[in-house]
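Structure assessment
Listed below are the residues making up each chain.
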Amino acid sequence: MPEEPAPPPTPRERPPGRLSLRLRFRRDRVLLLMTLPAVALLLLFNYVPILGNIVAFQEYDPYVSDNGVVSMLHSPWVGLENFRRIMEDSAFWDAVVNTLVLFFLQLVLFFPIPVLLALLINSVIRPRVRAVAQAILYLPHFFSWVLVIAVFQQLLSGAGILSQLLRQHGYDGLDIMTDPETFKFLITAQSVWKDAGWGIIVFLAALSSVPGDLYEAAAMDGAGRLRRMWHVTLPALRPVIALLLVLRVGDALTVGFEQILLQRDSVGPGASEVLDTFVWWNGVRNQDFGYAAAAGLVKGVVSLGLVLAANKVAHLMGEQGVYKK
């Protein structure tokens, strides 16, 4: 008997309640049009400049032409020579060490402070007192680094208030602002004073979403203030802490360009040189653009790897991280 023809393939059924791409586009076309300017700016200022990384593989000469693109097309190609120079440059590795030391110091001494401040402010019952405390803590964030460093210089320099008080009581003065041994702790203290208050905003927003019933139920079970904080408040903050920690690890190789550059000469490059200032010094001051671009490209690739690794650790801990699995 002749075989029966196979039935024609049926179109894949769409899950119930799911619209087609065309219908979703028609439904959300106004929102998509509203996002176009932001997407255009993102592409123009964040993604198009990535093409300039080709300079890392060239002996780039910006004076070949007034047009930067033409200069890239006519600059000699050197392949991986700039990266070989980086691997053999002791100054680059000193900058890497200083960057990592500053990152670990700020991770240990700076990162927990916004969490503690958020818990402290959240425990204040009176709204007016809480609002005043938040305003005082937020204020230094709006100061420029020039002003922040000037404030610390008036306090901790050789002619500062602290040194004058010590001399008045028969002790030797201190000049912490020019001491290479304490420079990394000084940088961390400046960052804490300037940005710790601003960092509590996300944590306070997370705390505001915690239902009050949980605190009442914990109190009825006999939990005191500390146990309520440990079993109710901190679990509510855990996803936010994991997310910010992942982002902070990804930003490990960026530890404050402007802040360190303003104080570089006072302590010397041995104690203050980090990757960002290393790239600036070689690229802008020494006009070695290809070498500086190669150093910046290495930093970007390593930072991306750190974000992916930290996000993987967050997934293993049961948190979402920057993106879901």
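Scroll up to find the structure.
These notes cover the structure that comes with them. (Residues numbered from 1 in each chain as written. Predicted model: local features only at pLDDT ≥ 70, side-chain atom pairs only at ≥ 80, totals over all residues. Heavy atoms only, no water.)

Another aspect to go through is the packing of aromatic side chains. Within this structure, the stated rule accounts for 13 aromatic pairs. Consider the rings of Phe142 and Trp198, whose centres lie 5.4 Å apart with planes at 80°: the pair is edge-to-face. Within this pair, whereas Phe142 is found in the loop between helix H7 (127-138) and helix H8 (145-156), its partner Trp198 is found in helix H10 (residues 183-208), the two being separated by 56 residues in sequence. The exposed category is assigned to Phe142, whose relative accessible area is 56%. When the ring of Phe278 is compared with that of Tyr291, the centres are 6.0 Å apart and the planes differ by 65°; the resulting orientation is edge-to-face. (Phe/Tyr/Trp six-rings, centres within 6.5 Å; stacked < 30°, edge-to-face > 60°. Helix = DSSP H or I, 4+ residues; strand = E, 2+ residues; numbered from the N terminus. Buried < 20%, exposed > 50% of the residue type's maximum accessible area, 1.4 Å probe, protein only.)

Moving on: the nonpolar core. Most often, soluble globular proteins keep nonpolar side chains buried together rather than apart. If you look at the biggest cluster of nonpolar residues, it comprises 20 residues, and the most contacted ones within it are Leu102, Phe152, Met177, Phe183, Leu186, Val255 and Ile260. Setting aside chain neighbours within four positions, we find Phe183 in contact with Ile260, Gln263, Val267, Ala271 and Ser272. Core analysis: the second largest hydrophobic core is formed by 16 residues, Phe92, Phe278, Ala293 and Leu297 among them. (Core = buried A, V, L, I, M, F, W, Y, C linked by side-chain atoms within 4.5 Å. Contact = heavy atoms within 4.5 Å.)

Our next topic: the packing of helix H6 (residues 112-122) against H10. For any two helices packed against each other, the geometry comes down to the angle between their axes and how far apart the axes lie. Where H6 meets H10, the closest approach of the two axes is 7 Å, and the angle between their N-to-C directions is 60°. As the angle between them shows, H6 and H10 are arranged oblique. The hand of the H6/H10 crossing is right-handed. Across the interface between the two elements, Ile113, Pro114, Val115, Leu117, Ala118, Leu119, Ile121 and Asn122 from H6 touch Val192, Ala196, Gly199, Ile200, Phe203, Leu204 and Leu207 from H10. Counted by class, the contact of H6 with H10 contains 13 nonpolar, two polar and no charged residues. (Axes fitted to C-alpha atoms, helices over the stretch in contact; angles between N-to-C directions. Parallel < 35°, antiparallel > 145°, perpendicular 65-115°, else oblique. Left-handed = near helix turned anticlockwise from the far one by under 90°. Nonpolar A, V, L, I, M, F, W, Y, C, P; charged D, E, K, R; others polar.)

This paragraph deals with the side chain of Lys194. Within the element layout of this structure, Lys194 appears in helix H10. When its relative accessible area of 7% is taken as the criterion, Lys194 is described as buried. In this structure, Lys194 is in contact with Pro140, His141, Phe143, Ser144, Trp145 and Val148, ignoring residues within four places of it in sequence.

We now examine the layout of surface pockets. A water-sized probe rolled over the atoms picks out the places where empty space is left. Here the largest pocket is characterised by a volume of approximately 530 Å³. Lining the largest pocket are 21 residues, with Gln106, Phe110, Asp195, Arg248 and Asp251 sitting closest to its centre. At the level of secondary structure, the elements contributing two or more residues to the lining of the largest pocket comprise helix H5 (90-109), H10, helix H12 (225-250) and helix H13 (257-261). Broken down by element, the lining of the largest pocket gets its largest block of residues, five residues, from H10. Grouping the constituent residues of the lining of the largest pocket by class yields eleven nonpolar, seven polar and three charged. Lining the second largest pocket are twelve residues, with Asn122, Ser123, Tyr215, Arg225 and Arg228 positioned closest to its centre. Looking at the lining of the second largest pocket, the elements with two or more residues in it are H6 and H12. Per-element tally for the lining of the second largest pocket: the top contributor is H12, with four residues. Across the lining of the second largest pocket, the residue classes tally to six nonpolar, three polar and three charged. (1 Å grid on protein atoms, 1.4 Å probe; cavity = no way out; pocket = protein on both sides within 12 Å on 5 of 7 lines; lining within 4 Å. Points joined across faces, edges and corners; volume = space filled by probe spheres on them.)

Take the pattern of salt bridges next. Scanning all chains against the criterion turns up seven salt bridges. Note that Asp195 is salt-bridged to Lys194, the shortest N-O span being 3.8 Å. Assessed through its relative accessible area of 24%, Asp195 is described here as partly exposed. Across the pair Glu273 and Arg264 runs a salt bridge, and its minimum N-O distance is 2.8 Å. Judged by relative accessible area, which is 9%, Glu273 ranks as buried. Assessed through its relative accessible area of 7%, Arg264 is described here as buried. Connected via shared salt-bridge partners are Glu81, Arg84 and Glu88. (Salt bridge = Lys/Arg side-chain N within 4 Å of Asp/Glu carboxyl O.)

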